[in-house]
Amino acid sequence: MSDQPSLIEYPCDFPIKIMGKAQHEFTQTALAIVRYHAPDFDAETMSVRASKNGTYLSITCTIRATSRNQLDALYQALSSHPMIAVVL
(Lines give C-alpha, C1' and ligand atoms only; values in the text may rest on other atoms or scores of the structure.)
Protein backbone atom coordinates (compact mmCIF):
# COMPACT_ATOMS: atom_id res chain seq x y z
CA MET A 1 0.00 0.00 0.00
CA SER A 2 2.89 2.31 0.78
CA ASP A 3 6.52 2.27 -0.31
CA GLN A 4 7.71 3.32 3.14
CA PRO A 5 9.65 0.71 5.12
CA SER A 6 7.72 -1.23 7.73
CA LEU A 7 8.19 -0.36 11.39
CA ILE A 8 7.38 -3.97 12.30
CA GLU A 9 10.05 -6.65 12.45
CA TYR A 10 8.84 -9.91 10.92
CA PRO A 11 7.98 -12.55 11.90
CA CYS A 12 5.99 -11.35 14.91
CA ASP A 13 2.75 -11.94 16.78
CA PHE A 14 0.23 -9.39 15.53
CA PRO A 15 -3.27 -8.85 17.00
CA ILE A 16 -6.13 -8.02 14.66
CA LYS A 17 -9.53 -6.85 15.89
CA ILE A 18 -12.51 -7.54 13.63
CA MET A 19 -15.92 -5.99 14.35
CA GLY A 20 -19.32 -6.39 12.78
CA LYS A 21 -23.00 -7.03 13.44
CA ALA A 22 -23.74 -10.20 15.36
CA GLN A 23 -25.20 -12.39 12.64
CA HIS A 24 -25.17 -15.99 11.59
CA GLU A 25 -21.74 -17.10 10.31
CA PHE A 26 -19.94 -13.84 11.22
CA THR A 27 -17.33 -15.55 13.36
CA GLN A 28 -16.82 -18.41 10.89
CA THR A 29 -16.50 -15.98 7.98
CA ALA A 30 -13.89 -13.87 9.75
CA LEU A 31 -12.00 -17.01 10.81
CA ALA A 32 -11.97 -18.34 7.23
CA ILE A 33 -10.47 -15.07 5.93
CA VAL A 34 -7.84 -15.00 8.69
CA ARG A 35 -6.90 -18.65 8.06
CA TYR A 36 -6.60 -18.06 4.32
CA HIS A 37 -3.93 -15.42 4.94
CA ALA A 38 -2.43 -17.02 8.07
CA PRO A 39 -2.90 -20.79 7.65
CA ASP A 40 -1.14 -21.56 10.93
CA PHE A 41 -3.61 -19.47 12.99
CA ASP A 42 -4.99 -21.46 15.93
CA ALA A 43 -8.74 -20.78 16.24
CA GLU A 44 -8.58 -21.77 19.92
CA THR A 45 -6.71 -18.52 20.62
CA MET A 46 -9.43 -16.35 19.06
CA SER A 47 -11.47 -14.27 21.51
CA VAL A 48 -15.03 -13.16 20.78
CA ARG A 49 -16.94 -10.53 22.72
CA ALA A 50 -20.47 -9.28 22.23
CA SER A 51 -21.45 -5.64 22.65
CA LYS A 52 -23.54 -4.61 25.64
CA ASN A 53 -26.81 -5.19 23.78
CA GLY A 54 -25.50 -8.12 21.75
CA THR A 55 -25.88 -6.24 18.46
CA TYR A 56 -22.19 -6.37 17.53
CA LEU A 57 -19.35 -8.83 17.90
CA SER A 58 -15.67 -8.08 18.36
CA ILE A 59 -13.20 -10.79 17.42
CA THR A 60 -9.51 -10.64 18.28
CA CYS A 61 -7.09 -12.88 16.39
CA THR A 62 -3.38 -12.80 17.08
CA ILE A 63 -1.59 -14.17 14.04
CA ARG A 64 2.07 -14.89 13.38
CA ALA A 65 2.70 -12.17 10.78
CA THR A 66 5.44 -13.03 8.32
CA SER A 67 5.44 -9.96 6.06
CA ARG A 68 3.89 -6.59 5.37
CA ASN A 69 2.34 -8.01 2.20
CA GLN A 70 0.59 -10.68 4.26
CA LEU A 71 -0.86 -8.09 6.66
CA ASP A 72 -1.89 -5.76 3.83
CA ALA A 73 -3.68 -8.59 2.02
CA LEU A 74 -5.40 -9.75 5.22
CA TYR A 75 -6.60 -6.24 6.11
CA GLN A 76 -7.84 -5.71 2.54
CA ALA A 77 -9.76 -9.00 2.51
CA LEU A 78 -11.34 -8.34 5.90
CA SER A 79 -12.17 -4.69 5.18
CA SER A 80 -13.83 -5.47 1.86
CA HIS A 81 -16.12 -8.19 3.23
CA PRO A 82 -19.72 -6.93 3.61
CA MET A 83 -20.22 -8.58 7.03
CA ILE A 84 -17.23 -6.79 8.55
CA ALA A 85 -17.62 -3.18 9.66
CA VAL A 86 -14.22 -2.35 11.20
CA VAL A 87 -10.75 -3.89 11.22
CA LEU A 88 -8.10 -2.62 13.61
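Residues numbered from 1 in each chain as written. Predicted model: local features only at pLDDT ≥ 70, side-chain atom pairs only at ≥ 80, totals over all residues. Heavy atoms only, no water.

With respect to the pairing of strand 1 (residues 12-21)
To keep it simple, the criterion reads: Being paired, for any two strands, means DSSP has found at least two bridges between them. Note on conventions: DSSP H or I runs of at least 4 residues are helices, E runs of at least 2 residues are strands, and numbering of each starts at the N terminus.
Inspection of the sheet shows strand 1 paired to strand 3 (residues 56-65) by 10 bridges, in the antiparallel sense. In the sheet register, Ile-18 faces strand 3, and the bridge partner there is Ile-59.

Comments concerning the pattern of salt bridges
Applied cut-off: For this analysis, a salt bridge means a side-chain nitrogen from Lys or Arg found within 4 Å of a carboxyl oxygen belonging to Asp or Glu.
Taken as a whole and assessed by the stated rule, the structure comprises 2 salt bridges. Measuring nitrogen to oxygen at the nearest pair gives 3.2 Å for the salt bridge that ties Arg-64 to Asp-13. Residue Arg-64 is located in strand 3, and its partner Asp-13 is located in strand 1; the two are separated by 51 residues in the primary sequence. With its nearest N and O atoms 3.9 Å apart, the salt bridge here joins Arg-68 to Asp-72.

Some details on the side chain of Thr-29
Condition: Each residue is assigned to one of three classes by its accessible area relative to the maximum for its type, calculated with a 1.4 Å probe on protein chains only: buried under 20%, partly exposed between the two thresholds, exposed over 50%. Two N or O atoms count as a polar contact when they lie within 3.5 Å, although within protein this holds only if one can serve as hydrogen donor and the other as acceptor, and sequence-adjacent residues are included solely when both atoms are side-chain atoms.
Mapped onto the elements, Thr-29 comes out in helix 1 (residues 26-37). Among the residues examined, Thr-29 registers a relative accessible area of 18% and is labelled buried. At 2.7 Å, the side chain of Thr-29 and the backbone oxygen of Glu-25 are in polar contact.

Notes on helix 2 (residues 68-80)
For clarity, the threshold we go by: Given a helix with a known number of residues, its expected span is that number minus one, times 1.5 Å. The directions from the helix axis to the C-beta atoms are what the arc is built from. Note on contacts: a residue pair qualifies if any of its non-hydrogen atoms lie within 4.5 Å across the two residues.
With 13 residues, helix 2 should reach 18 Å at 1.5 Å per residue; the first-to-last C-alpha distance of 18 Å fits that figure. Of all the positions in helix 2, only Gln-70, Leu-71, Leu-74 and Leu-78 are classed as buried. Angular distribution of buried residues about the axis of helix 2 spans 95 degrees; they occupy a single face of the element. Turning to helix 2, the residues buried within the fold contact strand 1, helix 1, strand 3 and strand 4 (86-87).

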